[in-house]
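Observations on the model geometry
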Amino acid sequence: MAFAAEKLQSDDALLDAYSATVADAVDRIGPAVCRIERIGAGGHGSGFVIAQDGLVVTNFHVVGDARAVRVTMPDGAAREGHVLGRDPDTDIALVRADGSFADVAPLGDSKRLRRGQIAIAIGNPLGFEWTVTAGVVSALGRSMRASTGRLIDDVIQTDAALNPGNSGGPLVSSSGEVMGVNTAMIHGAQGIAFAVASNTANFVISEIIRFGRVRRAFIGVSADTTNLPRRAALLSQVSTNTAVRLRSVEKNGPAAKAGLKEGDIIAAIDGRPVTGVDDLVRMLDAERIGRETLCTVVRRSGVSQVVVTPVARNS
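No experiment lies behind these values; they were computed from the predicted model shown.

It is worth spelling out the overall build of the protein at this point. For the protein, the helix and strand inventory stands at six helices and 20 strands. A compact globule built from 315 residues would reach a C-alpha radius of gyration of about 20 Å, and the protein, at 21 Å, matches this within 12%. Expressed as lengths along the three principal axes of its C-alpha atoms, the size of the protein is roughly 65 × 55 × 35 Å. Within the protein, the fraction of its 315 residues that count as buried is 49%. A sequence separation of at least 24 residues applies to 59% of the contacts in the protein between residues at least 6 apart. As presented, the protein carries roughly 15000 Å² of accessible surface, and 50% of it is formed by carbon and sulfur atoms.

Here it is in structure tokens:
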């Protein structure tokens, strides 16, 4: 009887700790989450403020081709915003809202996420403003197809409930950091939803701020983050334990022409470790277009150096 009572108290303590963790994360990020509506076009979604001067992150499919949107904060204050840029290939858009904002939700480092970690979604699903749902990170390094037909790599899978209207809102870790931008759920399925990783979103945002669009080098591959065996790391002379495995190689693309094949592991580019898909996306920027790029490739037969010449990625 005493054992049962102690176990019950222990379970209660664990539930209280879980509740406090979720509530603290929501208190930290929630005030920066906003409702976004296209002016004159209907439809709404979510977003969150990442800088006090009014930079707001949301999904491309929330703003569409709209130039102006209405940004409404939890306190009811509504501001007009204009779309600075959009990237259909990652379903990310950046908005500049009028005025200044005291509460912000900066993007964290999604590389620190682990499967099973608490995941908290905040948004405006089905018109129910500032709703909170919680679950876990179900998987990392997923891929999903964007509205352009291209694959978004380094996607976070979660079972935190998402519904129409959650799109563009933050996926928050137990430490109260934004680790992803909620982007999609699978209709008819329960407990399967996706968010664009914060590191990918950070890359897109920096490109939009600098150039108004995302410039990319293209080699024609899709990839997953994978463990790099210690022997392979030593042979490839990198000091990391993860790399990227090519899931598919586009026929007649630059990678295929260079001899890269499905299943190849890219451990480094021009001597710099590639520890995950987000690294691969970031390294393939416009500066590499038309420039010979040395890939350190791990295969069953050993480690080899493959020279790939990326081309400009068409919009």
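Following the structure, the description resumes.
Moving on to the confidence of the model for the protein. Taken over all residues, the pLDDT of the protein has a mean of 88, while the share at 70 or more is 93%. Of all helices and strands in the protein, the one with the weakest mean pLDDT is helix α1 (residues 2-29) (75), whereas strand β3 (residues 55-58) scores best (98).

Glancing now at the pairing of strand β6 (residues 92-97). Extensive coverage of β6 is indicated by the burial of five of its six residues. Across six bridges, the pairing between strand β5 (residues 78-87) and β6 is antiparallel. Bridge pairing in β6 links G85 to L94. Here β5 folds back onto β6 in antiparallel fashion, the turn holding four residues, of which D91 has a positive phi close to 60 degrees.

When glycine is set aside, most residues are seen to have a negative phi, and most peptide bonds are trans. Of note, N252 is a non-glycine position whose phi angle comes to about 70 degrees, a positive value. As for its placement among the helices and strands, N252 is situated in the loop between β15 (242-249) and α5 (254-258). Although it is not a glycine, D270 adopts a positive phi angle of roughly 50 degrees. Here D270 shows up in the loop between β16 (265-269) and β17 (272-273).

This part covers the sheet that holds strand β7 (residues 118-123). Strand order in the closed barrel formed by six strands is β7-β8-β9-β12-β11-β10, with antiparallel pairing between adjacent strands. If you compare each strand with its neighbour and ignore which way they point, the axes differ by 50 degrees on average. Taken together, the three bridges between strand β10 (residues 170-173) and strand β11 (residues 178-185) define a ladder with antiparallel strand orientation. Pairing of L171 across the sheet is with G180, part of β11. Strand contacts of helix α3 (residues 198-211): β9 (151-158), β11 and β12 (193-197), with the helix running at about 50 degrees to β12, the strand carrying the most contacts.

The rules behind these values
One numbering rule holds for all chains: residues counted from 1, following each sequence as written. Only residues with pLDDT of at least 70 get local features here, since the model is predicted, and only at 80 or more are side-chain atom pairs given and counted; chain-wide, interface and lining totals rely on the full set of residues. Note: side-chain values were computed over all heavy atoms of the structure, leaving out hydrogens and water. Numbering of helices and strands runs from the N terminus, with a helix taken as a DSSP run of H or I at least four residues long and a strand as a DSSP run of E at least two residues long. The atom set for the radius of gyration is the C-alpha atoms, and the globule formula is 2.2 Å times the number of residues raised to the power 0.38. Burial status follows relative accessibility: with a 1.4 Å probe on protein chains alone, a residue under 20% of its type maximum counts as buried, one over 50% as exposed, and anything between as partly exposed. Contacts: residue pairs with any heavy atoms within 4.5 Å of one another. Here the accessible surface of atoms and residues is derived via Shrake-Rupley with a 1.4 Å probe, and residues count as covered only by protein chains that are part of the display. You can read pLDDT as the predictor saying how much it trusts each residue, on a scale of 0 to 100. Two strands pair under a simple rule: DSSP has to find at least two bridges between them. Note on method: axes are straight lines fitted to C-alpha atoms, helices fitted across the in-contact stretch only, with angles between N-to-C directions ranging 0 to 180 degrees.

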